[in-house]
Amino acid sequence: GDSVTQMEGPVTLSEEAFLTINCTYTATGYPSLFWYVQYPGEGLQLLLKATKADDKGSNKGFEATYRKETTSVHLEKGSVQVSDSAVYFCARGGGGDKLIFGTGTRLQVFP
Amino acid sequence: SAVISQKPSRDICQRGTSLTIQCQVDSQVTMMFWYRQQPGQSLTLIATANQGSEATYESGFVIDKFPISRPNLTFSTLTVSNMSPEDSSIYLCSVGAGGATYEQYFGPGTRLTVT
């Protein structure tokens, strides 16, 4: 069935380092793709979305490009901050307005 | 985006009891969803709750264990019945943004511990 696969964490970086969190999906067609972020003790927040092939979503310095040829939507940020420490979830539209989530990747940024 | 609140934010319950979680949205929405997030895990959809119809449950979840109400377009409840320690999780409600992109907005979650 349709699924989302994320790189396992934790990802540990120093402040101002470059971040990549890999995410691939299986699907028929071209589902909408999302990145959500969960800060400690909080619910999920929509970070960005990419809803069609070659679309680039961006927010708060994070970017992700919808790449249909590799069925991927990797999350990137050029310079992470300590405040970016959180769990990041990749998700895809699952049909019937549902979302299918990846397992989440914990990011830890140290000063 | 919608503003979603949940009550309670956390609770500690004894096994065998039930807890009802409330989800309130600041605008009218058609689709509401309930998820479970077990410790250190991803989100698992429990059910979809549309106003005016019975909730649709995902495989592995049943109405007797997780009854859901959706009395109007801004409110829903999820009850966790006859709880066991395995029900200790964060329970989140979300709402569909509508349109063709299927994005959802989430409440802050209810952290449930069953002893």
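All of the points below concern the structure found in this document. (Residues numbered from 1 in each chain as written. Chains lettered and ligands numbered in written order. Predicted model: local features only at pLDDT ≥ 70, side-chain atom pairs only at ≥ 80, totals over all residues. Heavy atoms only, no water.)

On to the overall build of chain A. Broken down by element type, chain A carries 0 helices and 12 strands. Going from N to C terminus, chain A has its helices and strands arranged as β-β-β-β-β-β-β-β-β-β-β-β. A compact globule built from 111 residues should have a C-alpha radius of gyration of about 13 Å, and chain A, at 13 Å, falls within 12% of that. Judged by the C-alpha coordinates and their principal axes, chain A covers about 40 × 25 × 20 Å. For chain A, the proportion of its 111 residues judged to be buried stands at 43%. Sequence separation of at least 24 residues holds for 54% of the intrachain contacts in chain A that already meet a minimum separation of 6. (Helix = DSSP H or I, 4+ residues; strand = E, 2+ residues; numbered from the N terminus. Rg over C-alpha atoms; globule rule 2.2 N^0.38 Å. Buried < 20%, exposed > 50% of the residue type's maximum accessible area, 1.4 Å probe, protein only. Contact = heavy atoms within 4.5 Å.)

The next subject is the state of the cysteines. Residues and elements named next belong to chain A. With the rule as written, the count across this model stands at 2 disulfides over all chains. Across a sulfur-sulfur distance of 1.9 Å, cysteine 23 and cysteine 90 are joined as a disulfide pair. With the S-S bond torsion at -75°, the cross-link from cysteine 23 to cysteine 90 turns out left-handed. In this pair, cysteine 23 is assigned in strand β4 (residues 23-26) and cysteine 90 in strand β10 (residues 86-95), connecting sequence segments 67 residues apart. Across the pair, cysteine 90 and cysteine 23 agree in class, each one buried. (Disulfide = S-S within 2.5 Å.)

Here the focus is the packing of aromatic side chains. Both the distance between ring centres and the angle between the ring planes are used here to describe each pair of aromatic rings. Applying the stated criterion to the full structure yields 11 aromatic pairs over all chains. A centroid spacing of 6.3 Å and a plane angle of 50° characterise the contact between A:Phe34 and A:Tyr36, whose relative ring orientation is tilted. Between A:Phe62 and A:Tyr88, the aromatic rings sit 5.5 Å apart at their centres with planes inclined by 40°, giving tilted as the arrangement. Within this pair, whereas A:Phe62 is found in strand β8 (residues 62-65), its partner A:Tyr88 is found in strand β10, the two being separated by 26 residues in sequence. The two residues A:Phe62 and A:Tyr88 agree in class, both being buried. Linked through ring pairs, A:Phe34, A:Tyr36, A:Phe89, A:Phe101, B:Tyr35 and B:Phe106 together constitute an aromatic cluster. (Phe/Tyr/Trp six-rings, centres within 6.5 Å; stacked < 30°, edge-to-face > 60°.)

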